[in-house]
Amino acid sequence: MSKIFFFPIDFEYQEQDNQGYVYIFGRESQIAANKASKLCVKVEHNSYCYLRLTGVSIEKLQEFCTSHQLKTQKVSKRLFAKTEEFLKITFQTQSKLKDINQLLQEKEVEVFEADVDPVQRFLVDSKITPLQELSCEVEEIQEQNISLPLFKANSKTLRHCSNNRFKIPVFLAIDIETYNEVMKVDMDNNPILMIDLYGKDVAGNIFEKVLTYKHFKTEGIDCEHLSSEKEMLERTAELIDDFDPDFLVSYFGDGFDFPYIAKRAEKLGVPFQVGKDNTAIHLSRNRNRARVVGIPHFDCFKFIRYIFGTNWKIDSYSLDNVASELLGKKKHKVDLSQLASDWNNNKNLNLYASYNLQDSKLTFEIAQKIYSALSEFSAIVSVAPDDLIRMRFSRLVEAYLLKRGVDLHTINHNKPSSEAIAARRQRHVQGAFVFEPQPGIYQDMVVFDFLSLYPTIIVSHNIGAETVTKDKPKVKNTA
């Protein structure tokens, strides 16, 4: 056994041989000669949920658990300010938990915390803060699908050895330009014309490159001319792998750049295996998230819109507006509606390449500017950066409650089903009385308004389901 020290950056849950594991991807914190190697740590992880025992036949429930060979434990937890007995059931995999949860729902047993993401559960239970220096006892192993040095560790040996945070990650920004005659997105038929990469390596060296497959005269930019779109995509994957970034950075990459790259790579037969498990870009089922295993995808657009943008007074969250707000810089001006025509006629292509490079450079600088906020939010709520980037405040609050619930021994409430939400919408509650002012001219007017009135009252008076009590207050003896 040996001991390693590293910064945990990304997390991936996988199941093998009926056992769940969390893969922790990180970078060594012991830097020598301006180089810190990437690595991966594999940790066994079990999932669990809680069954409410109130109003349930304990004997039948125990028979059910025995017949399915479930590991159980009685625990006391607080639910709606009342301490109750619950049955904690532990599973070796998240898949098994989902199957049993379905059976219990059919038996009308109340199940809590069955839908908690396994990575989030692992971080909370192991008390791991993403991006903070971590140490553990490990033994080196090998797996064909992991392209980094791989180690196996027991979760009990995971310790934060210091308060050091991962302050200067290696960012690689990516931006694409596509062929578009009618200004309509068509990933099947319209090729990618240019791909730009901009970053800074561990030693602080700037890396910038525009990739394309049209030969034209370039000025002031490093432009690599390939023979085809396919070769351009292959070269892009190669450069990403060689640069070995901690974060891939984009601006609206979830919605455009990454799905476009994935689609064109699939169509042209390019593996594009940039993930650290030798996989390509993963797109969510509803195609609103693009993930690369082992390299968090930092979509600056989403993080800014969900976290910062709520207090900004800007017309839109375009890259131009946000760069102007945060950096005092602007995009280069070109008429993209002419790109297809200019591409066909081999005109002004250096201007588009320069425009492409400026976009990725601005994206890179924005990521540098807001990274500290991402790091702090991730520490507060114990959520992996790749997940947190796409969370709105309501989900951040839920994540924080899950984290605090471990220390306070509380059960986190289940998300309402679609049927429950529909039923709630059928119930109408009379709103507050609004005084209609009479039109006219008034003198000595004073405007008095609360900022976030109801949240302020809730916080000030500690109002919540956990603080409600039906016990009558004791009457003080004033005699």
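Residues numbered from 1 in each chain as written. Predicted model: local features only at pLDDT ≥ 70, side-chain atom pairs only at ≥ 80, totals over all residues. Heavy atoms only, no water.

J.: What exactly am I supposed to notice about the packing of aromatic side chains here?
T.: The geometry of an aromatic ring pair comes down to the distance between the two centres and the angle between the two planes. Tallying each qualifying case throughout the model produces 20 aromatic pairs. Aromatic pair Tyr-213 and Trp-343: ring centres 5.4 Å apart, planes at 70°, arrangement edge-to-face. Taken together, the positions of Tyr-213 in the loop between β12 (206–212) and β13 (223–225) and Trp-343 in helix α8 (residues 339–345) put the pair 130 residues apart, joining distant regions of the chain. This pair shows no difference in class: Tyr-213 is buried, exactly as Trp-343 is. Members of the aromatic cluster, joined through ring pairs, are Phe-171, Tyr-198, Phe-247, Phe-298, Phe-303, Phe-308, Trp-312, Phe-364, Tyr-371, Phe-377 and Phe-393. The ring of Tyr-21 has Lys-42 lying over it, and the distance from NZ or CZ to the ring centre is 4.3 Å. Above the face of the Tyr-48 ring, Lys-88 is positioned so that its terminal group lies 4.2 Å from the ring centre. (Phe/Tyr/Trp six-rings, centres within 6.5 Å; stacked < 30°, edge-to-face > 60°. Helix = DSSP H or I, 4+ residues; strand = E, 2+ residues; numbered from the N terminus. Buried < 20%, exposed > 50% of the residue type's maximum accessible area, 1.4 Å probe, protein only. Lys NZ or Arg CZ within 6 Å of the ring centre and 35° of its normal.)

J.: Explain the sheet that holds strand β7 (residues 111–112) here, please?
T.: Where strands meet in a sheet, backbone hydrogen bonds hold them as pairs that are either parallel or antiparallel. Across the sheet, four strands lie side by side as β5-β6-β4-β7; this open sheet has antiparallel pairing. Pairing within the sheet leaves two strands with one partner each, and these edge strands are β5 (71–79) and β7. Bridge count for β5 against strand β6 (residues 82–91) is nine bridges, and the pairing is antiparallel. Within β6, the residue paired with Arg-78 across the bridge is Thr-83. Each of β4 (47–52), β6 and β7 touches helix α2 (residues 94–106); the most contacted strand, β4, lies at about 15° to it. (Pairing = 2+ DSSP bridges. Contact = heavy atoms within 4.5 Å. Axes fitted to C-alpha atoms, helices over the stretch in contact; angles between N-to-C directions.)

J.: Explanation requested: a nonpolar patch on the surface in the structure shown.
T.: Together, Tyr-454, Ile-457, Ile-458, Val-459 and Ile-463 line one region of the surface with nonpolar side chains, adding up to about 510 Å² of accessible area. Along the polypeptide, Val-459 turns up in helix α13 (residues 453–460). (Patch = residues over 30% accessible without salt bridge, like charges linked within 9 Å, V, L, I, M, F, W, Y side chains within 5 Å. Areas by Shrake-Rupley, 256 points an atom, 1.4 Å probe, with all protein chains shown as cover. Salt bridge = Lys/Arg side-chain N within 4 Å of Asp/Glu carboxyl O.)

J.: Would you mind going over the side chain of Thr-93 with me for this structure?
T.: Mapping Thr-93 onto the fold places it in the loop between β6 and α2. Discounting chain neighbours no more than four positions away, the residues touching Thr-93 are Tyr-13, Glu-15, Asn-18, Gln-19, Gly-20 and Ser-47.

J.: Which parts of the structure should I look at to understand the pairing of strand β1 (residues 2–16)?
T.: A regular strand carries its side chains on alternate faces of the sheet. Taken together, the five bridges between β1 and strand β8 (residues 134–141) define a ladder with antiparallel strand orientation. For Ser-2, the partnering residue across the bridge sits in β8 and is Val-138. Taken together, the ten bridges between β1 and strand β2 (residues 19–28) define a ladder with antiparallel strand orientation. Within β2, the position partnered with Phe-7 by the bridge is Arg-27. A loop of two residues connects β1 with β2, the two strands running antiparallel in sequence, and Asp-17 in this loop sits at a positive phi of about 50°.

J.: What am I meant to see in the sheet that holds strand β14 (residues 247–250) here?
T.: Here six strands make up an open sheet; going across it, the order is β13-β12-β11-β10-β14-β17 and the pairing mixed. In the strand order of this sheet, the two ends are held by β13 and β17 (297–299), each with one partner. The average angle at which neighbouring strand axes cross in this sheet is 25°, direction not considered. Two elements, β14 and β17, share three bridges in a ladder whose sense is parallel. Counterpart to Leu-248 in the pairing with β17 is His-297.

J.: It is not clear to me how the pattern of salt bridges should be interpreted in this structure. Could you clarify?
T.: Charged atoms that come close allow side chains of opposite charge to pair. Enumeration according to the criterion identifies 28 salt bridges in this entry. Measuring nitrogen to oxygen at the nearest pair gives 3.6 Å for the salt bridge that ties Lys-127 to Asp-407. One end of the pair, Lys-127, is in the loop between α3 (118–125) and β8; the other, Asp-407, is in helix α11 (residues 393–408), and 280 residues separate them in sequence. Between Asp-386 and Arg-289 there is a salt bridge, with the nearest N and O atoms lying 2.4 Å from each other. Of the two residues, Asp-386 sits in helix α10 (residues 385–388) while Arg-289 sits in the loop between β15 (282–283) and β16 (290–291), which places them 97 residues apart along the sequence. Looking at Asp-386, the relative accessible area reads 1%, which means it is buried. On the basis of relative accessible area, Arg-289 is assigned to the partly exposed category, the value being 21%. Through salt bridges with shared partners, a single ionic network connects Asp-10, Glu-12, Asp-254, Arg-289, Arg-291, Lys-302, Asp-386, Asp-387 and Arg-390.

J.: Any chance you could explain the environment of Leu-148 here in plain terms?
T.: Mapped onto the elements of the fold, Leu-148 is located in the loop between β8 and β9 (150–153). Put simply, Leu-148 and Lys-330 are 182 residues apart on the chain and 38 Å apart in space, counted from C-alpha to C-alpha. Once residues within four sequence positions are removed from consideration, Leu-148 is found in contact with Phe-25, Lys-38, Leu-39, Cys-40 and Lys-276.

J.: Please clarify how the packing of helix α9 (residues 349–381) against α11 should be interpreted in this entry.
T.: Relative placement of two packed helices is described by the angle separating their axes and the distance separating the axes. Running from amino to carboxyl end, α9 crosses α11 at an angle of 45°, the nearest separation of the two axes being 8 Å. Taken as axis vectors, α9 and α11 run oblique relative to one another. The segment α9 lies against α11, with Phe-377, Ala-379, Ile-380 and Val-381 engaging Phe-393, Leu-396, Ala-399, Tyr-400 and Lys-403. In the contact of α9 with α11, the residues fall into eight nonpolar, no polar and one charged. (Parallel < 35°, antiparallel > 145°, perpendicular 65-115°, else oblique. Nonpolar A, V, L, I, M, F, W, Y, C, P; charged D, E, K, R; others polar.)

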